[in-house]
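Examination of the molecular architecture
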Amino acid sequence: MPRFFVPPFSGEETAVTGEDGRHIARSLRMKVGEPLTLCDGLGTDYHCEITGFAGDEVFVRVVERAPSRSEPSVKVTVYQGLPKGDKMDAIVQKAVELGAWEIVPVLMRRSVSRPDAKAAVKKAARWQKIAEEAAKQSGRGILPQVLAPMEFSKAAQRAAEAGPVLLFYEGGGEPLKGLVYPDSPQLSFFIGPEGGVAEEEAQLLTEMGAQAATLGPRILRTETAPLAALAAIMLLTGNLE
């Protein structure tokens, strides 16, 4: 069933406008009486029926409201060392599909890509669009946020203030099964860019309370590691059942 994000609303009727309205009316060529699902991005799904059209504006009636069943029980923030090229596009897309709550690109010592402020804003807008499309496709109940690239020290402080932090890097660490539990409500993890996490960055994170964790004996690419970590965390917290 087609799925679209809309701002939170009250009442039994609403309208889908803009790009989504055009997509429903022109690309999908949906008709009056057909069902679709709206999501307010806060975890509530609205199962609706189309009642009419006015150009690219689509009017719907709410048939049923229900909490989204697709949201993980654990809120995971991915702090990703900014990679080269368009790798971040794929990381954002797949991380959202796997259940990430939030994605923070991080300017780390070994990050080759270092966009200026103007370019960073443009990149963040593109990543957010990718996140929105991935959330629609995968049936997410919230719209994960992708922040603009952030300096490492600021990202480390932000993560430490939010709750438990894991660090994945080639220096090794404890197996995830001893660090992540079924009732874990929230956690963050750091992944380095192509060159890995610098020693002083790992030291700062551990001094701030982060726990070093391992994804096994193989060295994973920067675009592979966050997805492996997310999948493992979702498994350990019962969110792949």
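So, how was this worked out
- Residues numbered from 1 in each chain as written.
- Predicted model: local features only at pLDDT ≥ 70, side-chain atom pairs only at ≥ 80, totals over all residues.
- Heavy atoms only, no water.
- Core = buried A, V, L, I, M, F, W, Y, C linked by side-chain atoms within 4.5 Å.
- Buried < 20%, exposed > 50% of the residue type's maximum accessible area, 1.4 Å probe, protein only.
- Helix = DSSP H or I, 4+ residues; strand = E, 2+ residues; numbered from the N terminus.
- Contact = heavy atoms within 4.5 Å.
- 1 Å grid on protein atoms, 1.4 Å probe; cavity = no way out; pocket = protein on both sides within 12 Å on 5 of 7 lines; lining within 4 Å.
- Points joined across faces, edges and corners; volume = space filled by probe spheres on them.
- Nonpolar A, V, L, I, M, F, W, Y, C, P; charged D, E, K, R; others polar.
- Arc of directions from axis to C-beta.
- Salt bridge = Lys/Arg side-chain N within 4 Å of Asp/Glu carboxyl O.
- Phe/Tyr/Trp six-rings, centres within 6.5 Å; stacked < 30°, edge-to-face > 60°.
- Pairing = 2+ DSSP bridges.

**Here we look at the nonpolar core**
Within the largest apolar cluster, 34 residues are counted, with the highest numbers of intra-cluster contacts made by Val92 and Phe189. Within the residue set of this core, elements represented by two or more residues are strand 6 (75-81), helix 2 (87-98), strand 7 (102-107), helix 3 (117-138), strand 10 (165-168), strand 12 (186-191) and helix 6 (225-236). With sequence-adjacent residues up to four places away left out, Phe189 is seen in contact with Val76, Thr77, Val78, Tyr79, Leu166, Phe168, Pro226, Ala229, Leu230 and Ile233. Counting residues in hydrophobic clusters, the runner-up holds 16 residues, among them Val104, Ala155, Ala159 and Leu167.

**Here we look at empty space enclosed by the protein**
Scanning the entire structure with this criterion turns up one cavity of 30 Å³ or more. Considered as a void within the structure, the largest cavity measures approximately 50 Å³ in volume. Taken together, Leu82, Pro83, Gly85, Asp86, Met88, Asp89, Ser113, Lys123, Arg126 and Trp127 make up the full set of residues lining the largest cavity. When contributions to the lining of the largest cavity are tallied by element, the ones reaching two or more residues are helix 2 and helix 3. Tallying contributions element by element places helix 3 first for the lining of the largest cavity, with three residues. Its residues assigned to classes, the lining of the largest cavity comprises four nonpolar, two polar and four charged.

**Here we look at helix 4 (residues 152-162)**
Along helix 4, the positions that sit buried rather than exposed are Phe152, Ala155, Ala156 and Ala159. Mapping the buried residues of helix 4 onto a view down its axis gives an arc of 100°, with all of them on the same face. Opposite the buried face of helix 4, at more than 90 degrees from it, the exposed residues are Lys154 and Glu161. Looking at the buried side of helix 4, the elements it contacts are strand 6, strand 7, strand 9 (150-151), strand 10, strand 12 and helix 5 (199-207). Of the residues flanking the end of helix 4, it is Gly163, one or two places downstream, whose phi is positive at about 150°.

**Brief notes about the pattern of salt bridges**
Scanning the entire structure with this criterion turns up 16 salt bridges. As a salt-bridge pair, Arg65 and Glu12 come within 3.1 Å of each other at their nearest N and O atoms. With Arg65 in strand 5 (residues 57-67) and Glu12 in the loop between strand 1 (3-5) and strand 2 (13-16), this pair connects stretches of sequence that are 53 residues apart. Between Arg109 and Glu200 there is a salt bridge; the shortest N-O distance is 2.7 Å. Taken together, the residues span a long stretch of sequence, with Arg109 in the loop between strand 7 and helix 3 and Glu200 in helix 5 at a distance of 91 residues. The class for Arg109 is exposed, based on a relative accessible area of 52%. On the basis of relative accessible area, Glu200 is assigned to the partly exposed category, the value being 41%.

**Quick word on unusual backbone geometry**
For residues besides glycine, phi is generally negative; the peptide bonds are generally trans as well. Even without being a glycine, Arg29 presents a positive backbone phi close to 50°. Structurally, Arg29 can be placed in the loop between helix 1 (18-27) and strand 3 (35-39).

**Brief notes about the packing of aromatic side chains**
Per the counting criterion, the structure on display carries four aromatic pairs. Ring centres of Phe9 and Tyr46 lie 4.5 Å apart, and the angle between their planes is 35°; this geometry places the pair in the tilted category. On the criterion of sequence distance, the pair formed by Phe9 in the loop between strand 1 and strand 2 and Tyr46 in strand 4 (residues 44-54) is long-range, its members being 37 residues apart. You'll find Phe9 and Tyr46 in the same group, each marked buried. Seen in terms of ring centroids, Phe152 and Phe190 are 6.0 Å apart; in terms of plane orientation they differ by 70°. Their pairing is edge-to-face. Pair noted here: Phe152 is in helix 4 and Phe190 is in strand 12, with a separation of 38 residues, a long-range link. Connected via pairs of aromatic rings, a cluster forms that spans Tyr79, Phe152 and Phe190.

**Comments concerning the pairing of strand 2**
Here strand 2 shows a buried face lined by Thr14 and Val16 and an unburied face lined by Glu13 and Ala15. Where strand 2 lies against strand 5, four bridges are found, and the strand directions are antiparallel. When the sheet's bridge partners are listed, Glu13 is paired in strand 5 with Arg61.

**Comments concerning the layout of surface pockets**
Of the pockets and cavities examined, the largest pocket occupies roughly 460 Å³. Lining the largest pocket we find 24 residues, and of these Tyr169, Glu170, Ile219, Leu220 and Ala225 sit closest to its centre. Each residue belonging to the lining of the largest pocket can be placed in one class, and the counts come to eleven nonpolar, seven polar and six charged. By volume, the second largest pocket amounts to about 150 Å³. In terms of lining residues, the second largest pocket is bounded by Ser70, Glu71, Pro72, Glu97, Leu98, Gly99, Ser138, Arg140, Met234, Asn239 and Leu240. Residues belonging to the lining of the second largest pocket are distributed by class as follows: four nonpolar, four polar and three charged.

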